[in-house]
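Structural features, examined
Listed below, chain by chain, are the residues.
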Amino acid sequence: MKFTGYWKNGIYFYLLAQGIGGILWWCLLFQLPDCRSWFLSDSLPERVLLSFWLPDCLIFITGSLAAASGYRNHRSWFPPLLYFLTGGIAYVSLYCLALSVSTNGGWPGTLIMLCCMIVMLLICLVLNRDRHREI
């Protein structure tokens, strides 16, 4: 089954929303420091959470926005970027899961990341399946 314009737009808007969501996440953390406690356990200092800013900006945010643009404009570099982005999100999601399990805290951020990972994996699977059907 080939994608209709509706589904193609959905993938584009999801990637765009994911990048914008990352920007809003960091604005929230920096503008409202009290909310940082929602994403940490009592045993972890804030610097653990804040140390994610560089990979989030370079991989999660920039990668999501670039992937949205590459997908929308049918760029040849889109598939490798999508797989790189998905791998990065999966790594961080599993790290957050292990951290939440071991410290019994930070579950809201972990659940957000796990949702992102699942959606990204589904996008990769569906696009890969669709690409193989065209061959």
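Summarised in this report is the structure supplied together with it.

**A few points about helix α3 (residues 53–72)**
- Given a rise of 1.5 Å per residue, 20 residues ought to cover 28 Å, and the 27 Å separating the end C-alpha atoms of α3 matches this to within 8%.
- Taking the largest bend as the criterion, α3 deviates by roughly 35 degrees, centred on Gly63.
- All of the buried residues in α3 are Asp56, Phe60, Ile61, Gly63, Ser64, Ala67, Ala68, Gly70 and Tyr71.
- Backbone geometry just after α3 places His74 at a positive phi near 55 degrees.

**Quick word on the nonpolar core**
- Counting residues in hydrophobic clusters, the biggest one holds 34 residues, and the most contacted among them are Leu15, Leu82 and Ile89.
- In contact with Leu82, other than residues within four places in its own chain, are Leu15, Met120, Ile123, Cys124 and Leu127.

**Re the pattern of salt bridges**
- Applying the stated criterion across every chain yields a total of one salt bridge.
- The residue Arg36 makes a salt bridge to Glu46 at a minimum N-O spacing of 2.9 Å. Here Arg36 is found in the loop between α1 (5–31) and α2 (46–50), whereas its partner Glu46 is found in helix α2, with 10 residues between them in sequence.

**Quick word on unusual backbone geometry**
- Even without being glycine, His74 reaches a positive phi, approximately 55 degrees.
- With respect to the helices and strands, His74 occurs in the loop between α3 and α4 (78–103).
- Take His74: its relative accessible area is 68%, and that puts it in the exposed class.
- Although it is not a glycine, Asn104 adopts a positive phi angle of roughly 55 degrees.

**Some words on the packing of aromatic side chains**
- Per the stated rule, a full pass over the model turns up six aromatic pairs.
- A ring pair is formed by Tyr12 and Phe13, whose centres lie 5.0 Å apart and whose planes are at 65 degrees; its orientation type is edge-to-face.
- The class of Tyr12 is buried, set by a relative accessible area of 16%.
- Take Phe13: its relative accessible area is 46%, and that puts it in the partly exposed class.
- With centroids separated by 5.1 Å and ring planes inclined at 50 degrees, the aromatic side chains of Tyr71 and Phe78 adopt a geometry described as tilted.
- In this structure an aromatic cluster arises from ring pairing among Trp25, Trp38 and Phe39.
- The ring of Tyr12 is capped by Arg72, whose NZ or CZ atom sits 4.2 Å from the centre of that ring.

**A closer look at α4**
- Under the 1.5 Å per step criterion, the end-to-end length of α4 is 37 Å for 26 residues, consistent within 8% with the ideal 38 Å.
- Among the residues of α4, those classed as buried are Phe78, Leu81, Leu82, Leu85, Thr86, Gly88, Ile89, Ala90, Val92, Ser93, Cys96 and Ser100.
- Following α4 by one or two positions, Asn104 adopts a phi angle in the positive range, close to 55 degrees.

**Things to note about the packing of α3 against α4**
- For the pair α3 and α4, the least separation of the axes is 9 Å and the interaxial angle reads 150 degrees. One element, α3, and the other, α4, form an angle in the roughly antiparallel class. Here the hand of the crossing between α3 and α4 comes out left-handed. Listed contacts from α4 to Ile59, Phe60, Gly63, Ser64, Ala66, Ala67, Gly70 and Tyr71 of α3 are Phe78, Leu81, Phe84, Leu85 and Ile89.
- Here the residues of the contact of α3 with α4 are counted per class, giving 10 nonpolar, three polar and no charged.

Scoring rules and cut-offs
Residues numbered from 1 in each chain as written. Predicted model: local features only at pLDDT ≥ 70, side-chain atom pairs only at ≥ 80, totals over all residues. Heavy atoms only, no water. Helix = DSSP H or I, 4+ residues; strand = E, 2+ residues; numbered from the N terminus. Expected span 1.5 Å × (residues − 1). Bend = angle between axes of the 7 residues up to and from the residue. Buried < 20%, exposed > 50% of the residue type's maximum accessible area, 1.4 Å probe, protein only. Core = buried A, V, L, I, M, F, W, Y, C linked by side-chain atoms within 4.5 Å. Contact = heavy atoms within 4.5 Å. Salt bridge = Lys/Arg side-chain N within 4 Å of Asp/Glu carboxyl O. Phe/Tyr/Trp six-rings, centres within 6.5 Å; stacked < 30°, edge-to-face > 60°. Lys NZ or Arg CZ within 6 Å of the ring centre and 35° of its normal. Axes fitted to C-alpha atoms, helices over the stretch in contact; angles between N-to-C directions. Parallel < 35°, antiparallel > 145°, perpendicular 65-115°, else oblique. Left-handed = near helix turned anticlockwise from the far one by under 90°. Nonpolar A, V, L, I, M, F, W, Y, C, P; charged D, E, K, R; others polar.

Note that every value here comes from positions in space, so none of it alone points to a role or purpose.
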